[in-house]
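What the coordinates show
This is what each chain is made of:
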Amino acid sequence: MKVLVSGASGFLGSNLIPYFEDLASITSLGRKTNFRDELSDTHAVINLAGLAHDLKSVADPSSYYQVNTEYSNRLFDAFLASDAEVFITISSVKAIADSPDDILVEETSPNPETHYGKSKLMAEYYIQSKQIPPGKRVYILRPCMIHGPGNKGNLNLVYQVIKRGFPWPLAAFSNKRSYCSVENICFVIKELIEREDISSGTYHIADDDALDTNQVIQLIGESLNQKVYLIPIPKRFITFIARLGDLLHLPLNSERLSKLTENYQVSNQKLKNALGKELPVQAREGLLATLASFKS
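As the structure is a computational prediction, the values presented were derived from the model and not from experiment.

This part takes up the overall build of the protein. Of regular secondary structure, the protein possesses 11 helices and eight strands. Its C-alpha atoms give the protein principal-axis dimensions of about 60 × 35 × 35 Å. Taking all contacts inside the protein whose residues are at least 6 apart in sequence as the whole, residues at least 24 apart take part in 81%. Only carbon and sulfur atoms are counted for the fraction: they give 51% of the accessible area of the protein, which is about 14,000 Å². Averaging the coordinates of the 31 positive side-chain charges in the protein and doing the same for the 33 negative ones gives two points 6 Å apart.

Looking now at the pattern of salt bridges. Inspection of every chain in the model, using the stated rule, returns 10 salt bridges. K277 is the partner of E191 in a salt bridge, and the nearest nitrogen-oxygen pair spans 3.3 Å. On the criterion of sequence distance, the pair formed by E191 in helix α6 (residues 182–194) and K277 in the loop between α10 (269–275) and α11 (283–293) is long-range, its members being 86 residues apart.

Another aspect to go through is the environment of D207. Checked against the element boundaries, D207 lands in the loop between β8 (201–205) and α7 (213–224). We classify D207 as buried; its relative accessible area is 1%. Discounting chain neighbours no more than four positions away, the residues touching D207 are H147, Y179, C180, S181, N184, N268, V281 and A283. Within the structure, D207 has its side chain in polar contact with the side chain of N184 (distance 2.8 Å).

Time to look at the packing of helix α5 (residues 154–163) against helix α9 (residues 254–261). Two numbers describe a pair of packed helices, the interaxial angle and the distance between the axes. Interhelical geometry of α5 versus α9 gives an angle of 85 degrees and a closest axis separation of 11 Å. By the angle between their directions, the pair α5 and α9 is classed as roughly perpendicular. Across the interface between the two elements, N154, L157 and V158 from α5 touch R256, K259 and L260 from α9. Residue classes in the contact of α5 with α9 are distributed as three nonpolar, one polar and two charged.

Structurally, S181 can be placed in strand β7 (residues 179–181). With a relative accessible area of 5%, S181 lands in the buried category.

With 13 residues, α6 extends 19 Å between its outermost C-alpha atoms, agreeing within 8% with the 18 Å of an ideal straight helix rising 1.5 Å per residue. Taking burial as the measure, the 13 residues of α6 include 11 buried ones, the bulk of the element. Buried residues of α6: V182, N184, I185, C186, F187, V188, I189, K190, E191, L192 and I193, and no others.

Time to look at the packing of α5 against α7. One can describe the packing of α5 onto α7 by two numbers: an axis separation of 10 Å at closest approach and a directional angle of 60 degrees. By the angle class used here, α5 and α7 are oblique. In the crossing of α5 with α7, the sense of the turn from one axis to the other is right-handed. Where α5 abuts α7, its residues L155, V158, Y159, I162 and K163 lie against V216, I217, I220 and L224. In terms of residue class, the contact of α5 with α7 is built from eight nonpolar, no polar and one charged.

What follows concerns the sheet that holds strand β3 (residues 44–47). If you trace the six strands from one edge of the open sheet to the other, you get β2-β1-β3-β4-β5-β8, paired in parallel fashion. Taken across any chain shown, the strands that pair with only one partner, and hence form the sheet edges, are β2 (25–29) and β8. Taken pair by pair, the neighbouring strands of this sheet meet at an average axis angle of 20 degrees, ignoring direction. Pairing of strand β1 (residues 2–6) with β2, which is carried by five bridges, proceeds in the parallel orientation. Paired with V5 across the strands is S28, a residue of β2.

Attention shifts here to the nonpolar core. Soluble globular proteins tend to bury their nonpolar side chains together. Grouped together as the largest cluster of nonpolar side chains are 38 residues, with contacts concentrated most on I46, I88, Y139, L141, V188, I189 and I193. Put simply, the parts of the chain that give this core at least two residues each are β1, α1 (11–19), β3, β4 (86–90), β5 (137–143), α6, β8 and α10. For this core, the element with the most residues is α6, which contributes eight residues. Setting aside anything within four residues of it in sequence, one finds V188 in contact with L141, I205, L271, L275 and L279. If you look at the next biggest cluster of nonpolar residues, it comprises 23 residues, including W168, F173, L211 and L219.

Definitions and limits used
Residues numbered from 1 in each chain as written. Predicted model: local features only at pLDDT ≥ 70, side-chain atom pairs only at ≥ 80, totals over all residues. Heavy atoms only, no water. Helix = DSSP H or I, 4+ residues; strand = E, 2+ residues; numbered from the N terminus. Contact = heavy atoms within 4.5 Å. Areas by Shrake-Rupley, 256 points an atom, 1.4 Å probe, with all protein chains shown as cover. Lys, Arg positive; Asp, Glu negative; His and termini not counted. Charge placed at Lys NZ, Arg CZ, Asp CG, Glu CD. Salt bridge = Lys/Arg side-chain N within 4 Å of Asp/Glu carboxyl O. Buried < 20%, exposed > 50% of the residue type's maximum accessible area, 1.4 Å probe, protein only. Polar contact = N/O pair within 3.5 Å; in protein donor to acceptor, adjacent residues only side chain to side chain. Axes fitted to C-alpha atoms, helices over the stretch in contact; angles between N-to-C directions. Parallel < 35°, antiparallel > 145°, perpendicular 65-115°, else oblique. Nonpolar A, V, L, I, M, F, W, Y, C, P; charged D, E, K, R; others polar. Expected span 1.5 Å × (residues − 1). Left-handed = near helix turned anticlockwise from the far one by under 90°. Pairing = 2+ DSSP bridges. Core = buried A, V, L, I, M, F, W, Y, C linked by side-chain atoms within 4.5 Å.

Below you can see the structure in the form of structure tokens.
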């Protein structure tokens, strides 16, 4: 079975390729490749290519649409014209909401505020506008915050702060946030490729349990086997510092503060109903495995 992967060199791809080593023949697809030639004799296409969310707000907005929308559309068109049977694209919950008022479900009305979210949503709309030929299956996956070996996002930044013995200054904020173990995404992608009984559609991917950021800080301390100091600095002062960070390009800015302290819960119930089985990794165990990988 031949599986074609775009964006294979990224964080998710670097975890997915080893996961499939004994299951399929994996071919990496470059962004400037002749898609139709590459799709010859291919069973499944996995689109991981994308321009990630830019916390420093320095990326050219047009880049998001070139990569997240236009590239995805061209690859999908090539899939429709090919004999490949399965198309899986990685979108994002940010295509639906940046700061949701309630738990996100697939039926939540989209209202993205950033170019990242808007470009992902436009790619979704393009796919949904096409008639899917008989014998083909198409899946749009919306993961929440992905973590795993090689992760270089906010989780790694927080880990380094705690590792150096600094107290956690955001303890006054209480929130619930969904996370997504990269192993759970790999598991889902494998299921979608190998099984023909899962209907085409859009699915959210998240670990079962949402965690408070302060719980995550405690898990970091557990992983490091060191005491963690949670300091409840007043929210107003922290917000003021984050606004200064916006102006002075400090590590803590308003967007990063929001990511660390906001409520962002995502339901995975539709996906689990379609799979008919539980995800293999629970939130706490998955985070501990990711934190352990930071030590190497």
